[in-house]
Amino acid sequence: MALRAALRNKRGALGLLSQLSSGSHGQVRTSPAFVTQRRNNSSSPQVKVDFDQSTGVAVLHMQSPPVNSLSLDFLTEFCISVEKLEMDKSCRGLIITSSQPKVFSAGLDIMEMYGKSPERCGVFWKAVQEMWLKLYSSNMVTIAAINGSSPAGGCLMALTCDYRIMADNPRFSIGLNETQLGIVAPFWFKDTLANTVGHRITEIALELGLLYNPTEALKIGMVDQLVPEDQVLTTATQTMKKWLAIPDHARQITKSMMRKPTIEKLVSKREADIQNFVGFITKESIQKSLRMYIEMLKKRKG
Amino acid sequence: MALRAALRNKRGALGLLSQLSSGSHGQVRTSPAFVTQRRNNSSSPQVKVDFDQSTGVAVLHMQSPPVNSLSLDFLTEFCISVEKLEMDKSCRGLIITSSQPKVFSAGLDIMEMYGKSPERCGVFWKAVQEMWLKLYSSNMVTIAAINGSSPAGGCLMALTCDYRIMADNPRFSIGLNETQLGIVAPFWFKDTLANTVGHRITEIALELGLLYNPTEALKIGMVDQLVPEDQVLTTATQTMKKWLAIPDHARQITKSMMRKPTIEKLVSKREADIQNFVGFITKESIQKSLRMYIEMLKKRKG
Amino acid sequence: MALRAALRNKRGALGLLSQLSSGSHGQVRTSPAFVTQRRNNSSSPQVKVDFDQSTGVAVLHMQSPPVNSLSLDFLTEFCISVEKLEMDKSCRGLIITSSQPKVFSAGLDIMEMYGKSPERCGVFWKAVQEMWLKLYSSNMVTIAAINGSSPAGGCLMALTCDYRIMADNPRFSIGLNETQLGIVAPFWFKDTLANTVGHRITEIALELGLLYNPTEALKIGMVDQLVPEDQVLTTATQTMKKWLAIPDHARQITKSMMRKPTIEKLVSKREADIQNFVGFITKESIQKSLRMYIEMLKKRKG
C-alpha cells in the first residue's frame, strides 16, 4: 500500500503534506523524516525512459518511491533525460507518467527545504526552474499521462505539457496548493496556471491553495481529458499521433509564440527568483511551520 | 418601498439611471433632483461596521438611503472605515453588504457629475479611485455579500473583492452599464472586469453596457455563488472561515502577485485618469445627456 | 454545386486546401491551378455593398467565386469598400456576409503565396494586414454573418468583428488551421484569437490547426450565436439594432480601449511582420509543400 510504503520510506512531499495539513482527506499517504536525507535506493534510476524509434515517441516513467517527490537528485536525473530526448532529432513526442501507484508526482521534496543551507536551497530551486524551463519550452509534443494525484510541483510539471490526460478516479487530486502549507507559488507557477485556466480561476486556486478532483479539474480546464485509470497511457499514445500529424516546424513555431513571453520572464528574473525563494524558505517562521508539519506527520505515523 | 424612498430622497445613481434609460425594467427605483445636493441625513453615518473580535471578521453595512449611491461623502466615509479595519491587525476579513432593500449599491452618484466644477469633479473621481485602490489591494479577505442590484460603480466595488456571493433573485442585476448612459468605464474598471471574466466577455459587456441577472452573472463568472436572498450574509460568514483557514502571509503575497500589475497601472496613471474623467464629464454634450436623463426621471416622478 | 464550381474555377484557398490535406472531410470543394493567376471575371466586382440610409447599416456581400478566397485583388477591393463606409458618418453598422454557397471565406488565396516574387508576397501580406487593421479598429459596429465555412483568413476576418452569428450547419467549420498546411498563424492572428477565446484554447487551436463545427465554435466562444442557415442575415440585422441603441461615442471609446494594445502591436511591428512572412513563405521547403498540395488537388480533380 502507498501509505505503508510512504511511511517506510520516510519521504515528505510538499503537495501531500499540504493535503494532510488541510485535513480534508484523512489519509496519511506519506511521511517525512528529516533525519533521513538520502533515499535508500538513490543509486537506482529514478526515471525510466522507453523510446520507440518507430513512432518517435518516448515515455518517461517517474519511479522514485514512494510518491515521486521532486528532490534535487530526481530533478537532476529528470532534466538530463529530457535534454537527451530533446537533442535526439528522431524523438518528436514525450509522454510523462508515473510508475508509482496512486500518485503522478507529490511535488517538491519538503526535505530539500527544511534545515538546509541557503546555498543548497538555491541549488535546489535552480533545478526546479530548470525542469520547468526544459518542459515548457520543449520542441517535442509533451503529454502528461496523469495516473494519480498531482499536487504542487507535480501539478506544475503537468501544466507545462501540451496536453493533460488524467485518470478519472475521484480519489486523485491536482492543484497548486502551496498556500495551504504557508508557502507561495512563485510568479512563473502563477503564469503557467493563468495561461491554462485564466486569471480569475488562478487567483482563487492559488489564494485558497485548492486541490481539484479530476471532474473539477476538467471543468476549469486544468486537465484536458479524463479516462479510466487503466487507459491513461494508451490514450496518451493515441493522442500523440494526432499531435504528430501536424508538421513539426509549424507546431514548434506556434508553441514558441504562445509561450515565449512567459519563458523570457523567468529567464530574465531567474537569479532574483532564486534569491526570493531562498530568503523566504530560510525564514525562521517558515522553517518552524515546516517543522510542525513534519512532526505532526511523525506523530500520525507513530 | 424602494421606489417611494428613492423619490422622496431625490437621489440619482448612475447604474439605476442607466437601467431606466434602457427601458428594460419599467420600474422607477430612484429619482434625482439636481437642486438637492446634500442628503437630508448627511450627519448620520452612511456606513455601519460590525467587527467581531472573536472571529477577526468585520461586516460593513452600506446604509445610505435609498440606494447606496457612491457620493463623495459616502466614499470618504467608506474609505475611512476600510482603512481603519486595514490598520487593525486583529481584523483579517471584511464582508461588504447593504442595509438598503433590493440594492447593493446603485453606483456613482450622478449628482456628483452634473453641474459641478471641474475641481469638484476631480475630487470626486479621486475618491472613486481611492475606494478601488483600498479594496483591490486589501490585505484582508474581502467578500461581497451582494443582496441586491449592483450596477456600474456598485458592480466595480463587488469586483474588487476576493469572492462574490449574490442573492438569487431574478429581479436583481449586476454589471458595468456605463455605455448605456453615454459614458465610459475607465481602463481600471475594464482591467478589473477582465481579470474576473476574461477579455472577450469584458469587451461585449462594456460595449453594450450589459446588466446580468444573477444566473447570467454566475455563468460568466461575474459572481462566484448564488444563494437565497436571506442567506447571503450567513453564507458569506461561512465562506470567510474557509478563506481564513489559509495562512494570512501566504494568501496576501499571492493576492498581491495576482493584482499588483493592475494596481500599479492606475497608480502610475492616476492624475491622467482624473484629467481624462474631468475633461469628459464636463463636456457640454455629456452634461446635456445627463440633464435629459434627470429631467426624464423627474417627469416620471410627476 | 460548390465542388464543381471550385474545380471549374481553379482557385485554391488556404483554409480549404488545408481541410483537404487533413483528409478529414473527404470533400474536394476547391482546386487551385497555379497557371491561372487571374480570375475569369476579375473585372466584375468581388464585393457588393448594400447600404440602408434609414438604418445606417451596410451589408457587405463577398461574391468572389467560388469560395471568396482572399486574393490581393479581393483584399484591395474589400478594404476600399470598408474605408468608404468608415468615412461615411451616416454608416454606423457593417454586416459582413457571403454570397457564395456553403462558404463565408476560404481564407488567404494560396496562389498569392506560390511561385511569387518576394516583392509580390510582401505586397500581398501588407493587404492582409490592412484588412485586419481596418476591421479590428473600425468605429462601426461590425457583425459577421457567417453563412458557411470560414477557415484560416476567413476565420480571422470573422474574429475582427464585434459579434459573430454562424449558420447552425454541422458541415460548416471555422478555425485558424494554418499549421495543418505547415504554415504558421502570425502573432496578430494569435492575439485576435486569444482576445476572443483565451490563451489556452488558442494554444491548442493553433498548434493543432483545429477546425470547429458550429456547436464546438459556440462552446469555446469562437462565435457568439448559432441560428438556422436561412436566418443568419436577418438575425444579424436584428442584433445590429441592439448594438446601435448604445451611444456611438461611448461604444467607440470602449472598443478602442479593448483593442488598442493589440492594434498598436501590429502597427509597430508591421514591416518586421511582412519581412517575416516573406522570408518564411519563399523558403524552398515551404514552396515545395505548397506545390505538393496543389498537385495533389489537381490529381483529385483529374
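So, how was this worked out
- Residues numbered from 1 in each chain as written.
- Chains lettered and ligands numbered in written order.
- Predicted model: local features only at pLDDT ≥ 70, side-chain atom pairs only at ≥ 80, totals over all residues.
- Heavy atoms only, no water.
- UniProt positions renumbered as here; feature names shortened; annotations may be inferred.
- Pairing = 2+ DSSP bridges.
- Helix = DSSP H or I, 4+ residues; strand = E, 2+ residues; numbered from the N terminus.
- Axes fitted to C-alpha atoms, helices over the stretch in contact; angles between N-to-C directions.
- Salt bridge = Lys/Arg side-chain N within 4 Å of Asp/Glu carboxyl O.
- Buried < 20%, exposed > 50% of the residue type's maximum accessible area, 1.4 Å probe, protein only.
- Core = buried A, V, L, I, M, F, W, Y, C linked by side-chain atoms within 4.5 Å.
- Contact = heavy atoms within 4.5 Å.
- Least-squares fit on C-alpha atoms with pLDDT ≥ 70 in both.
- Parallel < 35°, antiparallel > 145°, perpendicular 65-115°, else oblique.
- Left-handed = near helix turned anticlockwise from the far one by under 90°.
- Nonpolar A, V, L, I, M, F, W, Y, C, P; charged D, E, K, R; others polar.

Per an unreviewed UniProt entry, chain A goes by the name Enoyl-CoA delta isomerase 1, mitochondrial and belongs to Xyrichtys novacula. The UniProt entry for chain A carries the following text under Sequence similarities (unreviewed entry): "Belongs to the enoyl-CoA hydratase/isomerase family."

J.: Whenever I open this one, the sheet that holds strand β2 (residues 57-62) of chain B confuses me. Can you help?
T.: Neighbouring strands of a sheet are bound in pairs by backbone hydrogen bonds; such pairs are parallel or else antiparallel. All names here are of chain B. If you walk across this open sheet you meet the six strands as β1-β2-β4-β6-β8-β10, and the pairing is mixed. Of all the strands in the sheet, the pair left with one neighbour each is β1 (47-52) and β10 (225-227). Averaged over neighbouring strand pairs, the angle between their axes works out to 20° when direction is ignored. In this sheet, β10 lies alongside strand β8 (residues 163-167) in parallel orientation, the contact comprising three bridges. Bridging from a neighbouring strand, Met 166 pairs with Leu 226 of β10.

J.: So what exactly am I meant to see when it comes to the pattern of salt bridges here?
T.: Evaluation of the coordinates by the stated rule reveals 42 salt bridges over all chains. With a closest N to O distance of 2.8 Å, Asp 191 of chain C and Lys 265 of chain C form a salt bridge. With Asp 191 of chain C in helix α6 (residues 187-197) and Lys 265 of chain C in helix α10 (residues 248-268), this residue pair connects regions lying 74 residues apart in the sequence. Residue classification places Asp 191 of chain C among the buried residues on the basis of a relative accessible area of 8%. Classification of Lys 265 of chain C by relative accessible area gives partly exposed; the value is 29%. Counted as one network, the salt bridges with shared partners bring together Asp 162, Asp 224, Lys 255 and Arg 259 of chain A together with Arg 200 and Glu 203 of chain C.

J.: Can you walk me through the nonpolar core in this structure?
T.: Within soluble globular proteins, side chains that are nonpolar tend to cluster in buried spots. Residues and elements named next belong to chain B. Ranked by size, the top nonpolar core spans 93 residues in total, and within it Phe 78, Met 157 and Met 222 carry the most contacts. With 10 residues, the single largest contributor to this core is helix α4 (residues 118-136). Setting aside residues no more than four positions away along its own chain, Met 222 makes contact with Cys 155, Leu 159, Arg 164, Ile 174, Gly 175, Leu 193, Thr 196, Val 197, Tyr 212 and Ala 217.

J.: Teacher, can you tell me more about the relation of the copies chain B and chain C here?
T.: Relating one copy of the chain to the other requires a rotation about an axis plus a shift along that axis. The two copies are related by a screw operation: chain B maps onto chain C through 120° of rotation and 0.0 Å of translation along the axis, at an RMSD of 0.0 Å. These values place the two chain copies in the arrangement generated by a three-fold rotation axis. If distances are taken from each C-alpha of chain B to the rotation axis, the shortest is found for Gly 198 of chain B, at 4.2 Å.

J.: Please clarify how the packing of α6 of chain C against helix α7 (residues 199-208) of chain C should be interpreted in this entry.
T.: To characterise two packed helices, one gives the angle between the axes of the helices and the distance between these axes. Residues and elements named next belong to chain C. Put simply, α6 and α7 touch, their axes get as near as 7 Å, and they point 130° apart. Comparing their axes, α7 and α6 come out oblique. The crossing of α6 and α7 is right-handed. The segment α6 lies against α7, with Lys 190, Leu 193, Ala 194 and Val 197 engaging His 199, Ile 201, Thr 202, Ala 205 and Leu 206. Considering only residue class, the contact of α6 with α7 consists of six nonpolar, two polar and one charged.

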